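Here are the chains, one letter per residue:
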Amino acid sequence: MSNVLVIGAGGVSSVTVHKMAMLPNVFKNITLASRTLKKCQDIQTKVKEKYNININIAKLDADNINETVKLINKISPFLIINLALPYQDLNIMEACLITNTHYLDTANYEPKDEAKFEYSWQWDYSKKFQEKGLMALLGSGFDPGVTNVYTAHTKKHFLNSIHSLDILDCNAGDHGHPFATNFNPEINIREVTSESKHWENNNWQVGPALTNKVSFDFPEIGPKNMYLMYHEELESLVKHFPEIKKARFWMTFGDSYLKHIEVLQNIGMTSIKPINYNGMDIVPLQFLKQVLPDPGSLGNRTKGKTCIGTIITGQKNGKEETHYTYNICDHEQCYEEVGSQAISYTTGVPAMIGAMLMIQKIWYKPGVWNVEQFDPDPFMDLLNKHGLPSQTIQLDKKLSF
Ligand code: NDP
């Protein structure tokens, strides 16, 4: 029952595996499989040194369904925790259906050759998962993930209905590099260079990337410029809370990050169209990823805090109220605990929590689900216990922007 297979051995995976190793009564047998065996070995060694726990490792190309099926059949896990890239989601879900295995991920499917992400591809698997009595939990990271749980929690405990939802993601960490991304560079740059999109007047409102800017005074951090963006949880939250009239996602960026992005875009380095170089087809963005710092290596040099949360306005007993729920996470404390920076930490811990709730059958229902479709209370309790405590404050008035 508590036999799990983690796919992907990057920054997020390292945190999830460390956190699972701290709970040997829940996660009795952990196998870590990824494309580069050396990265699995590194995590295996660290976990052994820190907690004296043995995890199994395997080499796996999860783009290959047969290879994944073979590995699953060999170890018979209860659950696959997919912490590879969004490109692998559908193939891993196929392998789960073939082998009768439950599924969890932190990012929705994205085709490699098109910078577009949406849930429809994965939601379409719901009937197949239901028919087999299997569960897939989508987006169990921070955003998506904890922000969805915060929304469900605000509705359950503070409001009768939600009118407007703003998700505010601030990373005030400083890693000392002129330019680096805090999670997979390819996925990060595809995301931030996409058009902005938010929900208003019963429709998606589309605008240019990184142009709508406001300053916000973040708790324990201070004022930062944040930019309107599209983020995947807006799609599921608007669907599952149909009363929402306005839903937006904001992320902070420093001037240096934005300047680098602008230059890289202008010279074509963020393109995902292959070009021919010396007789070889290369994708500029994939080449760029290879020369940028590995986000997993930022841990020991990042200082500062993150603050990610939701500001939600709605009705309570006929009166308007606004509630801000957020988590503050300190990069250096995360590194001290598990050897990773806060972005990997804030994603890896909720992945462990989602897996724990499925294993303990607290969140357990055949079909394909987003986290806001379950009772938020057990997830909120576990966030408090496992390193991501949240605070909720009532604001005097709704956001003015
Ligand atoms: P990394 O790039 O650090 O790690 C990805 C890992 O997946 C690498 O070990 C990589 O292997 C492996 N991988 C890639 N392709 C394959 C494949 N075909 N078969 C097997 N393994 C493969 O990424 P992160 O850890 O930063 O991010 C992991 C996931 O978490 C991403 O999907 C990201 O979008 C998501 N995420 C979600 C967030 C949230 O809050 N919900 C926030 C941040 C990230 P190799 O080393 O060989 O390249």
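Please refer to the structure placed before this passage.
Attention in this report is confined to the structure presented alongside it. If you're wondering where the values come from, they're calculated on a predicted model, not measured in any experiment.

### Description of the packing of helix H7 (residues 146–157) against helix H14 (residues 376–385)
Working note: a packed helix pair is described by the angle between its axes plus the distance between those axes.
Next, step 1: In contact at an axis separation of 9 Å, H7 and H14 are set at 120° when each is read in the N-to-C sense. With respect to H14, the element H7 is oriented oblique. Here H7 and H14 pass one another in a crossing that is left-handed. Every residue of H14 that contacts H7 at Val146, Val149, Ala152, His153 and Lys156 is listed here: Pro376, Phe379, Met380 and Leu383.
Next, step 2: In terms of residue class, the contact of H7 with H14 is built from seven nonpolar, one polar and one charged.

### Topic: the site of the ligand
Next, step 1: In the neighbourhood of the ligand, 35 residues make up the surrounding shell, with Gly8, Gly10, Arg35, Gly141 and Phe183 lying closest.
Next, step 2: Of all the secondary structure elements, the ones that give two or more residues to the shell around the ligand are helix H1 (11–21) and helix H13 (342–359).
Next, step 3: The biggest single contributor to the shell around the ligand is H1, with three residues.
Next, step 4: Among the residues making up the shell around the ligand, the classes are represented as 16 nonpolar, 14 polar and five charged.

### Details of the pairing of strand S3 (residues 56–59)
Along any regular strand, the residues point their side chains to alternate faces of the sheet.
Next, step 1: Summarising the sheet, strand S2 (residues 29–34) and S3 pair through four bridges and their orientation is parallel. Residue pairing for S3: Ser34 is matched across the bridge by Lys59.
Next, step 2: Of the crossover connections in this fold, the one passing from S2 over helix H2 (residues 37–51) to the parallel S3 is right-handed.

Parameters and conventions
- Residues numbered from 1 in each chain as written.
- Predicted model: local features only at pLDDT ≥ 70, side-chain atom pairs only at ≥ 80, totals over all residues.
- Axes fitted to C-alpha atoms, helices over the stretch in contact; angles between N-to-C directions.
- Helix = DSSP H or I, 4+ residues; strand = E, 2+ residues; numbered from the N terminus.
- Parallel < 35°, antiparallel > 145°, perpendicular 65-115°, else oblique.
- Left-handed = near helix turned anticlockwise from the far one by under 90°.
- Contact = placed C-beta atoms within 7 Å.
- Nonpolar A, V, L, I, M, F, W, Y, C, P; charged D, E, K, R; others polar.
- Near = placed C-beta within 6 Å.
- Pairing = 2+ DSSP bridges.
- Right-handed = clockwise from strand over helix to strand, strands pointing away.

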